[in-house]
Amino acid sequence: MSSTIVHLVADSTCDLAAAEVADHGLTVVPLKVIIGEEAYADGIEIDSATLYSRMRSSPVVPRTSQPTPAEFEAVFSRLGADGAPIVCTTISAEMSGTHGSAVQARAALPDLDIRVIDTRTVGPGHLQVVEALFAARDAGATPAELEGVAAAVRSTQRLLATVPSLEYLRRGGRIGGARALLGSVLNIKPVLEVRDGTVELLDRVRTFPRAIERILEELAEAVAGWNGRAAVMVTHADEQAAAADVVRRASAIAGVTPRLIDLGPVIGCHAGPGAIALAFHRPL
């Protein structure tokens, strides 16, 4: 890794594996997963496999909690002690108060150069922004240029997903109750999209395989307008075999093998076991 020109910070909804966090010099501020009376730091005290196992076997519905402004302030103070600027990315402000906590921390440290970017997305969408920032930072980009890179990714990015049930999203307040009801009628499967920072219902289809096909159709339509290329990432919540098939099919569409990642515990709480998502944007 090259020497750090700009400190990069992200909340844990970027779902970057711990080994890669260290490799890229990223500092992660974890959200929390709450199960009953116990709170666990996302990706540190609980991992995806443990969460999904507990969700499948226990009637207790896990909840999530955002980092406090003080937690962000401690990270910003430590990193900023060397005088280098800081760029921090967060989950969409429409989904969580995490962005607000980071903004409050920035306001408490007026002598530091801190840029807080609302990615307007989550999970693989957030990670695509972070990975674009890694490349730009290592090429010597300034903080302002990094903000421009994040904006460029967001300008064409889409995040599509399907879940076996909308019940977890409904319980977490991430989608309207009426839509959850519609999603359960006749076992219809939802095709969801993160649109302008919120989870919206794009379509309803009869089966899970058809929901996957519908997502891939959206990818193919986008790629057709991008000279046959796209940056693509696939994520799953304890659905490895189906996700591997999506990677294979998306590769044929986009001309590049998508990266496959696990959907992290915080987002998994709301999506539930079995979810699959596809994030893509026009190559920079």
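Below, the structure is looked at part by part. (Residues numbered from 1 in each chain as written. Predicted model: local features only at pLDDT ≥ 70, side-chain atom pairs only at ≥ 80, totals over all residues. Heavy atoms only, no water.)

1. Here we look at the sheet that holds strand S13 (residues 276-281)
Our working definition: Strand pairing requires that DSSP identify at least two bridges connecting the strands. Under the scheme used here, helices are H or I runs from DSSP no shorter than 4 residues and strands are E runs no shorter than 2 residues, and both carry numbers assigned from the N terminus. Every axis corresponds to a line fitted to the C-alpha atoms, with the helix fit spanning only the stretch in contact, and the corresponding angles, defined between N-to-C directions, vary from 0 to 180 degrees. We call two residues in contact when some of their heavy atoms are within 4.5 Å.
Read from one edge to the other, the open sheet built from 6 strands follows the order S10-S9-S8-S13-S11-S12, with strand pairing classed as mixed. Each edge of the sheet is formed by a strand with only one pairing partner; in this case those strands are strand S10 (198-205) and strand S12 (259-262). When strand polarity is set aside, the average angle formed by the axes of neighbouring strands in this sheet is 20°. Note: strand S8 (residues 158-162) against S13, 5 bridges, orientation antiparallel. Its bridge partner lying in S13, Arg158 is registered against Phe280. Contacts between helix H5 (residues 124-138) and the sheet are confined to S8, strand S11 (231-236), S12 and S13, with S11 contributing the most and set at about 140° to the helix.

2. A short note on the environment of Arg214
Quick note on the threshold: Any N or O atom pair separated by 3.5 Å or less is treated as a polar contact, with the protein-specific requirement of one donor-capable and one acceptor-capable atom, and with residues adjacent in sequence counted only for side-chain atom pairs.
Inspection of the secondary structure puts Arg214 in helix H9 (residues 208-224). Through-space distance from the C-alpha of Arg214 to that of Asp203 is 8.4 Å; in sequence the pair is 11 residues apart. Non-local contacts of Arg214, meaning those with residues more than four positions away in its chain, are made with Val191, Leu202 and Asp203. A distance of 2.8 Å separates the side chain of Arg214 from the side chain of Asp203, its partner in a polar contact.

3. Here's the deal with helix H4 (residues 98-107)
Threshold: Exposure is judged per residue with a 1.4 Å probe applied to protein chains only, and the accessible area is read against the type maximum: over 50% gives exposed, under 20% gives buried, and values in between give partly exposed. Regarding the arc, it is the one traced by the directions from the helix axis to the C-beta atoms.
Thr98, His99, Ser101, Ala102 and Ala105 are the residues of H4 that are buried. Axial view of H4: buried residues confined to an arc of 160°, hence all on one face. Buried residues along H4 sit in contact with strand S1 (7-11), helix H3 (69-80), strand S6 (86-90) and strand S7 (114-118).

4. Describing the pattern of salt bridges
To keep things clear, this is the line we draw: Any carboxyl oxygen of Asp or Glu within 4 Å of a side-chain nitrogen of Lys or Arg constitutes a salt bridge here.
Applying the stated rule across the entire model yields 19 salt bridges. For Arg120, the salt bridge is made with Asp118, and the minimal N-O distance between the two is 3.1 Å. Between Arg248 and Asp245 there is a salt bridge, with its nearest N and O atoms 2.6 Å apart. Of the two residues, Arg248 and Asp245 both sit in helix H10 (residues 240-254), 3 residues apart, roughly one turn of that helix. Overlapping salt bridges bring together Arg158, Glu193, Arg195, Asp203, Arg214 and Glu218 as one network.

5. Points about the environment of Ile267
Tracing the backbone shows Ile267 in helix H11 (residues 265-271). With relative accessibility at 14%, the residue Ile267 sits in the buried group. Separated by 118 residues in the primary sequence, Ile267 and Val149 have C-alpha atoms spaced 24 Å apart. With residues up to four places along the chain from it excluded, the contact list for Ile267 reads Thr13, Ile91 and Val122.

6. So, the packing of aromatic side chains
As a reminder of what qualifies: In summary, the pairing rule links any two rings of Phe, Tyr or Trp, Trp by its six-membered ring, whose centres are within 6.5 Å, and it sorts them by plane angle into stacked for under 30 degrees, edge-to-face for over 60 and tilted for everything else.
Summed over all chains, the structure comprises 2 aromatic pairs. Relative to Phe76, the ring of Phe72 lies with its centre 5.8 Å away and its plane at 40°, an arrangement referred to as tilted. Here the residue Phe72 and the residue Phe76 both occupy positions in helix H3, the gap between them amounting to 4 residues, near one helical turn.

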